[in-house]
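Structural features, examined
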Amino acid sequence: MISMASHEDLIEDNLLLPHEINNQRNRKVKATFLHKIKAFFVKNWKIILLLFVILLLISCTIIIPISILKDKTKNISSQCDEYGKKIVETALKGTEAYSRLATMCTLFGNRLSGTQALENTIDWIQEQMINDGLENVHTDNVSVTHWVRGNEYAHMTAPYYKKLNMLGLGGSISTGGINITAQVIVVNSFDELDQVQSQVPGKIVLFNAVFTNYSSTVQYRASGAVAAAKYGAVASLIRSVTPYSLGTPHTGGMYYQDGVKQIPAAALTLEDSDLIQGLVNFNKSVTIQLYMEAQTLPNAISRNVMGQITGSEYPDQVVVIGGHIDSWDVGQGAMDDGGGVMVSWEAVRLIKALGIKPKRTIRVVAWTNEENGAAGGQNYAALYKNETFFSIETDGGATTPLGFSVTSSSKTLSALSTIAEHVLKPIGSTSVTEGEVGTDNSFLVDQGVPGAQLVTNMTQYFWFHHSEGDAIDKMDPVQMDQCVGTMAAMALCIANFNGNLP
Ligand SMILES: [Zn+2]
């Protein structure tokens, strides 16, 4: 009986073909190898798992961020780094922003819409822009509100006499050629006014609302007169919209409402507002005598003024940077917003002086009439909305720049943030957050143009805002240079952006 022969027997007996012998050997070798690997894994599984985890961590911490960064920076021009750094470096060595602002404030003073001083300033800017070698320097006519202050005063006549430092609010009517003399009723809010409405007829209402932040507190300046007039007040006063005072009243725009009687409106100092409040707290009857000649004349013609560096590849796509050239009729409008105009203008001049040719046009605009009408911003948006690629306004005092607040898609915001990280670290102005873009800019942004506002350290801004204190002595050349570098580098990197903004 022949049993089944083993492979070895067959080999030995030479009964297998040569290639079958080789296959058989290979299988044996393979089986042994697989067995060894399996044994290795079983024995060292902990080490292998650890190595795997380490590899995973490495890929998470290095490879993934690199790929994200690559994706984030793919639209940012390679020239952004080179030119941006050059711009920042040059700006920090010193610019002409402060000296130009000082010249403007000294030669022309404050610049309320409708005044010759504003128009003379605009002529001077236009002339200087041409001297700087900017292109397409021109002005566009804008019909603006023409409010004039005239003579004005306020006195406390009871319980004792005191001259009150006051400023009529922009847009207010006069007291009709007479003194308005009436008892004062003090409230701290609109709610409080509602509660005492029966006592309001024939009185002067003083809104003594302590400054919390500008947007909350400014409502008493803007619409206090309407609220007081609805209950029969003869005039409306406000505690100035500022957190700090050296006896200075602060003006600003106020508005009437159709169908509500117009009454004169003015601002008192924090000191006098607290004094009147204190007397009322002692149950003293306080009487104020108010005289104002304020009136609104027929509209005047003012102008937006602008100049540019025309883009080398996309001349019809414009990156706008600017501020407003008008101011209130007190102080010099150095912080608000002469400084903003100067740092924007100097940013464009600096790019030009460095011989940098941006791919898109970079245009500096000085908008007119921001303070009492914003007709300049509206006019600009109506004319140039379609060509505006991006728009940056600065109207926060041109003090230490912190970054930008942006209204755009989140991807554009993220691109701007990457640009800031790339080039603005030496200045420290790398904060890019979602937020408001400024009044003049808002007319572009409301129509879908992406825009931003330079964010500055505004700790002391409202101390001087709209007061006699807003003069050149409050400005700092180094801080202005930092604003120039920030505006110029950001504008250049946006102008050289590869492709459309995401
Ligand atoms: Zn302003």
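Here the structure is a predicted model, which is why all the values come from computation and not from measurement.

**What about the overall build of the protein chain?**
Each helix and strand in the protein chain was counted, giving 14 helices and 16 strands. Compactness check: the protein chain gives a C-alpha radius of gyration of 35 Å against a globular reference of 23 Å for 502 residues, more than 25% above the reference. With the C-alpha coordinates of the protein chain rotated into their principal frame, the extents come out at 140 × 60 × 40 Å. Considering only residue pairs separated by 6 or more positions, the protein chain has 83% of its internal contacts joining residues 24 or more positions apart.

**Examining the nonpolar core**
Here is a general trend for soluble globular proteins: nonpolar side chains tend to be buried in one another's company. Ranked by internal contacts, the top residues of the largest apolar core, which has 130 residues, are Val205, Met487, Ala488 and Ala491. The greatest single-element share of this core, amounting to 12 residues, is contributed by helix H14 (residues 477-495). Residues lining this core come from more than one domain, with at least three contributed by each of domain 2 (74-142 + 302-495) and domain 3 (150-293). Excluding residues that lie within four positions of it along the chain, Val205 makes contacts with Ile185, Val187, Leu193, Val200, Ala228, Ala233, Ser236 and Leu237.

**Side note on the UniProt feature "domain: Peptidase M28" (unreviewed entry) in the protein chain**
UniProt's feature table lists "domain: Peptidase M28" (unreviewed entry) at residues 304-489, given in the numbering used throughout. For residues 304-489, the end-to-end C-alpha separation is 24 Å, with 37% helix and 26% strand making up the annotated structure.

**Some points on the pairing of strand S14 (residues 401-407)**
Counting buried residues along S14, 7 of its 7 residues qualify, which places the element largely inside the surrounding structure. Bridge analysis of S14 against strand S16 (residues 451-456) gives 6 bridges, and the strand direction is antiparallel. Residue pairing in the sheet places Gly403 in a bridge with Val455 of S16. Pairing of S14 with strand S15 (residues 431-434) involves 4 bridges; the strand directions are parallel. Looking across to S15, one finds that Gly403 is bridged to Ser431. Regarding topology, helix H11 (residues 410-423) serves as the crossover connection from S14 to the parallel S15, and that connection is right-handed.

**Quick notes on the sheet that holds strand S6 (residues 204-207)**
Pairing is mixed across the open sheet formed by 8 strands, whose spatial order is S3-S2-S9-S5-S6-S7-S8-S4. Two strands in the sheet have a free side with no partner beyond their single neighbour: strand S3 (162-164) and strand S4 (166-168). Mean inter-strand twist for the sheet, computed between neighbouring axes without regard to direction, equals 30°. Lying on the sheet, helix H7 (residues 214-230) is in contact with S6, strand S7 (235-239) and strand S8 (265-268); it crosses S7 at an angle near 150°.

**Quick notes on the environment of Glu82**
Assignment of secondary structure puts Glu82 in helix H3 (residues 78-92). By C-beta crowding, Glu82 is classed as exposed, having 12 other C-beta atoms within 10 Å.

**Brief notes about the packing of H3 against H14**
Relative orientation of the contacting elements H3 and H14 amounts to 165°, with a least axis distance of 8 Å. The angle between H3 and H14 falls in the class roughly antiparallel. H14 is crossed by H3, and the crossing has right-handed handedness. Every residue of H14 that contacts H3 at Cys80, Tyr83, Gly84, Ile87, Val88, Ala91 and Leu92 is listed here: Asp481, Val484, Gly485, Ala488, Ala489, Leu492 and Cys493. Classifying every residue of the contact of H3 with H14 by side-chain character gives 11 nonpolar, 2 polar and 1 charged.

**With respect to the pairing of strand S2 (residues 152-158)**
Where a strand is regular, its side chains alternate between the two sheet faces. Examined bridge by bridge, S2 and strand S9 (residues 287-292) share 6 bridges and lie antiparallel to one another. Of the residues in S9, the one forming a bridge with His155 is Gln289. Sheet analysis places S2 next to S3, joined by 3 bridges and oriented antiparallel. Bridge pairing in S3 places Ala154 opposite Leu164. Taking the residues between adjacent antiparallel strands as the criterion, S2 and S3 are bridged by 3 residues.

**Comments concerning H11**
Given a rise of 1.5 Å per residue, 14 residues ought to cover 20 Å, and the 20 Å separating the end C-alpha atoms of H11 matches this to within 8%. Looking only at H11, the buried set comprises Thr412, Leu413, Ala415, Leu416, Ile419, Ala420 and Val423. Buried residues along H11 cover an arc of 160° about the axis, so they all sit on one side. In this structure, H11 carries Ser410 and Lys411 as exposed residues pointing more than 90 degrees from its buried face. Taken together, the buried residues of H11 touch H3, S14, S15, S16 and H14.

**Points about the domain arrangement of the protein chain**
When cut into domains, the protein chain gives domain 1 (7-60), domain 2 (74-142 + 302-495) and domain 3 (150-293). The gap between the C-alpha centroids of domain 1 and domain 2 is 72 Å.

Each value, and the rule that gives it
Residues numbered from 1 in each chain as written. Predicted model: local features only at pLDDT ≥ 70, side-chain atom pairs only at ≥ 80, totals over all residues. Helix = DSSP H or I, 4+ residues; strand = E, 2+ residues; numbered from the N terminus. Rg over C-alpha atoms; globule rule 2.2 N^0.38 Å. Contact = placed C-beta atoms within 7 Å. Core = buried A, V, L, I, M, F, W, Y, C linked by C-beta atoms within 7 Å. Buried ≥ 20, exposed ≤ 12 C-beta atoms within 10 Å, placed from the backbone. Domains from an automatic or database assignment. UniProt positions renumbered as here; feature names shortened; annotations may be inferred. Pairing = 2+ DSSP bridges. Right-handed = clockwise from strand over helix to strand, strands pointing away. Axes fitted to C-alpha atoms, helices over the stretch in contact; angles between N-to-C directions. Parallel < 35°, antiparallel > 145°, perpendicular 65-115°, else oblique. Left-handed = near helix turned anticlockwise from the far one by under 90°. Nonpolar A, V, L, I, M, F, W, Y, C, P; charged D, E, K, R; others polar. Expected span 1.5 Å × (residues − 1). Arc of directions from axis to C-beta.

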